[in-house]
Structures are given as C-alpha cells and as structure tokens.
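Each chain is listed here by its residues.
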Amino acid sequence: RSSAASDVYKRQEYMGIYQRKEMKALGKRMLLLFDVDGTLTPSRGSLTPEMRKFLESIIAKGTPMAFVGGSDIKKQKEQLGEDFLMKADYSFTENGVVAFQKGKMIGASSIKDYLGEEKLKKFINFCLHYVAYLDIPIKRGTFIEYRTAMLNVSPIGRNCDQTEREDFFKYDNEHHIRAKFIEVLKQEFPDYGLHFAIGGQISFDVAPNGWDKTYCLKYLKDYEEIHFFGDKTEPGGNDYEIFIDKRIIPHHVDNPDDTVKQLKALLSI
C-alpha cells in the first residue's frame, strides 16, 4: 500500500461515525459518491435487484447520491438502469468529465479538442500497432474505444465474452500486460499531457492530466461531506486520485457486498 493510501486510511478512521453525527447535527450536507464497476456491480455487469432496492431505500430517506464511472453514458445506463439514474442527484461518466444532473447533461470536455486530430491519430495508430504485435493467448475486437473525454484501450479487445474477460484478468494479474503497455505509452508520448488509469478487468483509460474522477468534485461544492466508495484505489487504478483527495472521505471496498456492509455501518442501518 502506498504512503498516500496509508494516510487516506488514517483519515478515514478520523472521519468516523462520531464526526459524521456531529456534522449532521450542524446541518451540513452529506453525499454518497460511488464508483460503478466492482463497487456497485460486477465488472461490466448490471445492478442486482437487491443492490438497487438497498440504494433506493437510502435515497428514499433523503440521502443525496451520485455515481462516477469510467464508461460512457450508454454503458452506465445499461449497468445501473436509466430510471434508477434519474433517482440519483448526479451521475458522472468517463471518469467524471461528462456530468449529468437528474439525467440532464450539465458539462463535458473532449479529448479530441484537447489533443487535436493529428496527435490523436498518431496515438491511436501507435496503440493499434502495439496490439498487433502483442503476444497474448487470445484477441477479439474493439481494441480502442473513443469516448468524449477519453480513449479506452483494451489489449484483448472489448468484444470478448465474460469468460474470456475473466481469463484475461487473471493473465494480466500475472503478466501485467496493461501496466507494461502504459509504461511504453508514457515513454512514447511524454509531452502529450496524458494520464493513464487501469480500470475494470480488460482495459485502461487514457485522458488528459487532471481529467480523472476528481474532476466531478467541482459539481459537488454544495456538499460539505462527500463519502466516496471505490475498489481500484491503489496507484494506477482509476479510483486512486479521488481516493486520496482531501475533499472526500474515502472508503475502499473489495466488491459490491463489501459496499453494502460498509454503507450499513456508516449509516447505522
């Protein structure tokens, strides 16, 4: 565990249940902010009926709620349900850079505008060339997915099925395919001002520096206590930057069941 992450865990203990009650007594507003993959749902899976019912019960008590994930809005709707997203106060896609309030878009930035077409094309071409000569057990299709604020790069290809996804994840944990890919890109494009973050099981995100999940916090300034729940909280994970941000109270979770367990403890349910 990194020193920054260790400091976060100490801060998490300090901002415990008694301080939460004190803030509530002072009338300060609290918001629950959740990563999606691995925190509320299985990776690229959907919200279970049990999890949805549990979260809806929290919303019904008047607790503000928001979601921030790496996928685009189409995938977030598939995972959480469009009607459920409307019940939350905010939803943030593409690591927080595309923002929605009660289903209405309130902000977005474009990686195309940031890099320009020539740099973007050069970067994509390099990635495709690298994947073409990458020796891994299997490859499928859609190795690069262009989103509004980022690129999502998958060595195996996003068209793999669930079994292939899980097999690649195990292989990557042993051989560090994604981490090695990222190191090559950092060396090849040192002046592009890009940030790389591993998320989910098969891919990593590429976005301009600062366009990580902390980006969403500028929309949440009215809340004085923001509890963030995420699973990819170690350096290189796409929850890391927001996890160590002093504007939030961090909660590392191992899976959706752990999220429920920690929420029950936090809210005294």
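Residues numbered from 1 in each chain as written. Predicted model: local features only at pLDDT ≥ 70, side-chain atom pairs only at ≥ 80, totals over all residues. Heavy atoms only, no water.

What about the overall build of the chain?
Right, on to step 1. When you go through the chain residue by residue, the secondary structure sums to 11 helices and 11 strands.
Right, on to step 2. In the chain, the proportion of contacts linking residues at least 24 apart, taken out of those at least 6 apart, comes to 65%.
Right, on to step 3. With an accessible surface of roughly 12,900 Å², the chain has 50% of that area assigned to carbon and sulfur atoms. (Helix = DSSP H or I, 4+ residues; strand = E, 2+ residues; numbered from the N terminus. Contact = heavy atoms within 4.5 Å. Areas by Shrake-Rupley, 256 points an atom, 1.4 Å probe, with all protein chains shown as cover.)

Things to note about the pairing of strand β10 (residues 225–230)
Right, on to step 1. The element β10 is largely enclosed, with a buried count of six among its six residues.
Right, on to step 2. Relative to β10, strand β1 (residues 30–34) runs parallel, the two being bridged by five bridges. For leucine 32, the partnering residue across the bridge sits in β10 and is histidine 227.
Right, on to step 3. Taken together, the four bridges between β10 and strand β11 (residues 249–252) define a ladder with parallel strand orientation. Among the inter-strand pairings, histidine 227 is bridged to a residue of β11, identified as isoleucine 249. (Buried < 20%, exposed > 50% of the residue type's maximum accessible area, 1.4 Å probe, protein only. Pairing = 2+ DSSP bridges.)

Observations regarding the sheet that holds β1
Right, on to step 1. The seven strands lie next to each other as β5-β4-β3-β2-β1-β10-β11, forming an open sheet whose pairing is mixed. One side of each edge strand has no neighbouring strand; the edge strands of this open sheet are β5 (104–107) and β11. Sheet twist, expressed as the average angle between the axes of neighbouring strands with direction ignored, equals 25 degrees.
Right, on to step 2. Sheet strands in contact with helix α11 (residues 256–267) are β1, β10 and β11, and its direction is about 170 degrees off that of β1. (Axes fitted to C-alpha atoms, helices over the stretch in contact; angles between N-to-C directions.)

Digging into the environment of methionine 150
Right, on to step 1. Within the secondary structure, methionine 150 sits in the loop between β6 (144–146) and β7 (151–153).
Right, on to step 2. The exposure class of methionine 150 is buried, given its relative accessible area of 0%.
Right, on to step 3. Distance from methionine 150 to phenylalanine 196, taken between C-alpha atoms, is 9.9 Å for residues 46 residues apart in sequence.
Right, on to step 4. Setting aside residues no more than four positions away along its own chain, methionine 150 makes contact with Gly70, Glu94, Asn95, Ile111, Glu145, Asp205, Val206 and Ala207.

Points about the nonpolar core
The tendency in soluble globular proteins is for nonpolar side chains to be buried as a group.
Right, on to step 1. Of all hydrophobic cores here, the largest spans 23 residues; its most connected members are Leu32, Phe34, Leu55, Phe67 and Leu263.
Right, on to step 2. Contributing elements (two or more residues each) for this core: β1, α3 (49–60), β2 (65–68), α5 (82–87) and α11.
Right, on to step 3. Ranked by residues supplied to this core, first place goes to α3 with five residues.
Right, on to step 4. Those residues in contact with phenylalanine 67, other than ones at most four positions away along the chain, are Leu33, Phe34, Val36, Leu40, Leu80, Phe84, Leu85, Ala88, Tyr90, Ser91 and Phe92.
Right, on to step 5. Judged by nonpolar contacts, the second largest core, of 19 residues, contains Ile111, Leu185, Phe189 and Leu194. (Core = buried A, V, L, I, M, F, W, Y, C linked by side-chain atoms within 4.5 Å.)

Description of the sheet that holds β7
Backbone hydrogen bonds hold the strands of a sheet together, and the pairing may be parallel or antiparallel.
Right, on to step 1. The strand order β6-β7-β9-β8 describes an open sheet built from four strands, whose pairing is antiparallel. Each edge of the sheet is formed by a strand with only one pairing partner; in this case those strands are β6 and β8 (194–199). Ignoring which end each strand starts from, the neighbouring axes of this sheet average 20 degrees apart.
Right, on to step 2. Across three bridges, the pairing between β7 and strand β9 (residues 203–208) is antiparallel.

Side note on unusual backbone geometry
Right, on to step 1. For asparagine 95, which is not glycine, the phi torsion reads 60 degrees and is therefore positive.
Right, on to step 2. By the element assignment, asparagine 95 lies in the loop between β3 (90–93) and β4 (98–101).
Right, on to step 3. Among the residues examined, asparagine 95 registers a relative accessible area of 4% and is labelled buried.
Right, on to step 4. Unusually for a residue other than glycine, histidine 176 sits at a positive phi of about 55 degrees.
Right, on to step 5. With respect to the helices and strands, histidine 176 occurs in the loop between α8 (162–175) and α9 (177–188).
Right, on to step 6. A relative accessible area of 44% means that histidine 176 is categorised as partly exposed.

Comments concerning α3
Right, on to step 1. The first and last C-alpha atoms of α3 sit 16 Å apart over 12 residues, in line with the 16 Å expected at 1.5 Å per residue.
Right, on to step 2. Contacts made by the buried residues of α3 are with β1, β2, α5 and α11.
Right, on to step 3. The positive-phi residue at the C-terminal boundary of α3 is glycine 62, with phi of around 90 degrees. (Expected span 1.5 Å × (residues − 1).)

Some thoughts on the side chain of asparagine 152
Right, on to step 1. Note on placement: asparagine 152 falls in strand β7.
Right, on to step 2. Under the relative-accessibility criterion, asparagine 152 is labelled buried at 2%.
Right, on to step 3. Within the structure, the side chain of asparagine 152 is placed 3.0 Å from the side chain of serine 203, a separation counted as a polar contact.
Right, on to step 4. Once residues within four sequence positions are removed from consideration, asparagine 152 is found in contact with Phe143, Ile144, Glu145, Arg147, Arg158, Ser203, Phe204 and Asp205. (Polar contact = N/O pair within 3.5 Å; in protein donor to acceptor, adjacent residues only side chain to side chain.)

Details of the pattern of salt bridges
Right, on to step 1. According to the stated counting rule, one finds 18 salt bridges in the structure shown.
Right, on to step 2. A salt bridge links glutamate 56 to arginine 52, with the shortest nitrogen-to-oxygen separation between them at 2.9 Å. One end of the pair, glutamate 56, and the other, arginine 52, are both in helix α3, four residues apart, so they sit about a helical turn from each other.
Right, on to step 3. Of the residues examined, arginine 52 reaches a relative accessible area of 21% and is grouped as partly exposed.
Right, on to step 4. A salt bridge links lysine 112 to aspartate 113, with the nearest nitrogen and oxygen atoms 3.5 Å apart.
Right, on to step 5. A cluster of three or more residues bridged by salt bridges with shared partners is formed by Asp72, Lys75, Glu145, Arg147, Arg158 and Asp205. (Salt bridge = Lys/Arg side-chain N within 4 Å of Asp/Glu carboxyl O.)

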